[in-house]
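# Architecture at a glance
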Amino acid sequence: MYDKTTFKIKENPVILGLESSCDETAAAIICGRTLLSNQIISSATEQAKYGGVVPEIASRAHTEAVANVVSRTLAEAHMRPDDIDAVAVTYGAGLLGALLVGLSFAKSFAYALNIPLIAVNHIRGHMAASYLIDKELKPPFITLLASGGHTAILHTQTPTKFKVLGGTCDDAAGEAFDKVARVLGLSYPGGVNVEKLALGGQNVVPLPKCLVKNSQNMQFSYSGLKTAVINYCHNKEQKGEEVDKANVACSFQHAAIDPLVKKTAECAKRLNVSTVTAGGGVIANGYLREQLSRECAAYGLKLVLPEKKFCTDNAAMIAAEGLIQYNIGNFADLSLNAAAAIPLK
Ligand code: KG4
Ligand code: ZN
């Protein structure tokens, strides 16, 4: 392994990012905060046959794709392996078998090239995507994070320090989208299909908002909203009435997204933080993007909103978080293991 005692931190290192926590095998290369290449091979079509991600199928698909996706990303960046200064890899949270494929590849790559290995928390990757979109971005900023496993509003104070201002007390927003998709008979991946269906509907179905009313008013709950959608559909069916699925999708989308967006902007205003960022698969939702842009503009806040492809799982964000860890010399050793669940911090 590289010699830790003599290793020198470079100003604009070339970092290879690797992501394999779920059904996307992804590799990207950055030089400093400039994205040079970004490749993804997805097993989503295969997973759709089963209505969701089957861990064993995901692991096998990663095994088949990982070398290929790295070759493609090197070719796109016009680089050879020995141009890479460090390898950043998702070590958690995610499907254990899937994570192990990317992690094993990253370890071998780092070992063979004698370069540092960087362990990246997937969720912090989502939070770091914005650094590539706006190269001037620096803390403090407020982040709306909404993925399949997490929903939170965070206050990033320094590149490595953040505070959770509020979050969900049960299901994550993406999880609710996926469950509602099932109830509406939509195929995997659920979130984007709910969004498509909602385009033809109206917000006319009475549903509870996902905001928990308490003294701080900063907690969200998606399980009640999800149950309300299920009950609404079942009641209609029992009465022999037709369910207007587009209206249900549209109403759910409003109930799930409006409070999140509103609270994010309110937090920024209350804490006197002028910049808002966002990350996670749900941020790819067109309605959320519109509302967040509108709300930030209304409050006079700057919004750094990554393109949709950098909101859903990708390796550019893993490289971006890798850069933060690289800059403080936080390198992992080759005994690093994958972890199915890790705290946000
Ligand atoms: O960040 P992500 O790709 O993976 C995790 O880290 O979980 O997020 C996946 C989640 C899924 O629940 C998916 O349904 C949701 O993000 N999602 C969406 C959209 N695209 C992905 N939800 C709503 N609208 C979308 N367009
Ligand atoms: Zn993710």
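Further up the page is the structure itself.
Throughout what follows, the structure given in this document is the object of discussion. (Residues numbered from 1 in each chain as written. Chains lettered and ligands numbered in written order. Predicted model: local features only at pLDDT ≥ 70, side-chain atom pairs only at ≥ 80, totals over all residues. Heavy atoms only, no water.)

### Topic: the coordination of the zinc ion (ligand 2)
Protein-derived ligands of the zinc ion (ligand 2) are His122 (NE2), His126 (NE2) and Asp313 (OD), with the metal-ligand distances lying across 2.0 Å. On the primary sequence, the residues serving as donors to the zinc ion (ligand 2) are separated as H-x3-H-x186-D. Note that His126 is positioned in helix 4 (residues 122-128) and Asp313 in the loop between strand 12 (302-304) and helix 11 (316-327), a separation of 187 residues in sequence. Overall, His126 belongs to the buried group, its relative accessible area being 1%. Asp313 sits in the buried class, given a relative accessible area of 16%. (Donors = N, O, S within 2.8 Å, 3.2 Å for Na, K, Ca; no water. Helix = DSSP H or I, 4+ residues; strand = E, 2+ residues; numbered from the N terminus. Buried < 20%, exposed > 50% of the residue type's maximum accessible area, 1.4 Å probe, protein only.)

### Brief notes about helix 8 (residues 223-238)
The terminal C-alpha atoms of helix 8, which comprises 16 residues, lie 22 Å apart, in line with the 22 Å expected from a rise of 1.5 Å per residue. Three or more residues of helix 8 are buried, namely Leu225, Lys226, Ala228, Val229 and Cys233. Across the axial projection of helix 8, the buried residues extend over an arc of 160 degrees, all falling on one side. The elements touched by buried residues of helix 8 are helix 6 (173-183) and helix 9 (245-271). Directly after helix 8, the chain includes Gly240, whose backbone phi takes a positive value near 75 degrees. (Expected span 1.5 Å × (residues − 1). Arc of directions from axis to C-beta. Contact = heavy atoms within 4.5 Å.)

### Section: the pairing of strand 2 (residues 24-31)
Most of strand 2 sits out of view: seven of its eight residues are buried. Linking strand 1 (residues 14-19) to strand 2, which pair antiparallel, is a turn of four residues. By the bridge criterion, eight bridges tie strand 2 to strand 3 (residues 34-42) in an arrangement that is antiparallel. Across the sheet, Ala26 pairs through a bridge with Ile40, a residue of strand 3. (Pairing = 2+ DSSP bridges.)

### Some points on the site of ligand 1
Taken together, the neighbourhood of ligand 1 is formed by 20 residues, with His126, Gly148, Asp178, Glu195 and Gly281 sitting nearest. One of the side-chain nitrogen or oxygen atoms of His122 is found 3.0 Å away from an oxygen atom of ligand 1. Glu195 is positioned with one of its side-chain polar atoms (N or O) 2.7 Å from a nitrogen atom of ligand 1. For ligand 1, the protein covers 85% of the area, taking 550 Å² as the surface of the free molecule. Those elements that place two or more of their residues in the shell around ligand 1 are helix 4, helix 6 and helix 7 (190-198). (Near = heavy atom within 4 Å. Polar contact = N/O pair within 3.5 Å; in protein donor to acceptor, adjacent residues only side chain to side chain. Areas by Shrake-Rupley, 256 points an atom, 1.4 Å probe, with all protein chains shown as cover.)

### Brief notes about unusual backbone geometry
As a rule of thumb, non-glycine residues mostly have phi less than zero, and peptide bonds are mostly trans rather than cis. Across the junction of Gly92 and Ala93, the peptide omega takes the value -10 degrees, indicating a cis bond. Here the bond from Tyr188 into Pro189 is cis, since omega is 0 degrees, no more than 30 degrees from zero. Checked against the element boundaries, Pro189 lands in the loop between helix 6 and helix 7. Its identity as a non-glycine residue notwithstanding, His78 has a phi of 55 degrees, on the positive side. With a relative accessible area of 74%, His78 lands in the exposed category. Positive phi is not limited to glycine here, since Asn114 has a value of about 60 degrees. One can find Asn114 in the loop between helix 3 (96-113) and strand 5 (117-121).

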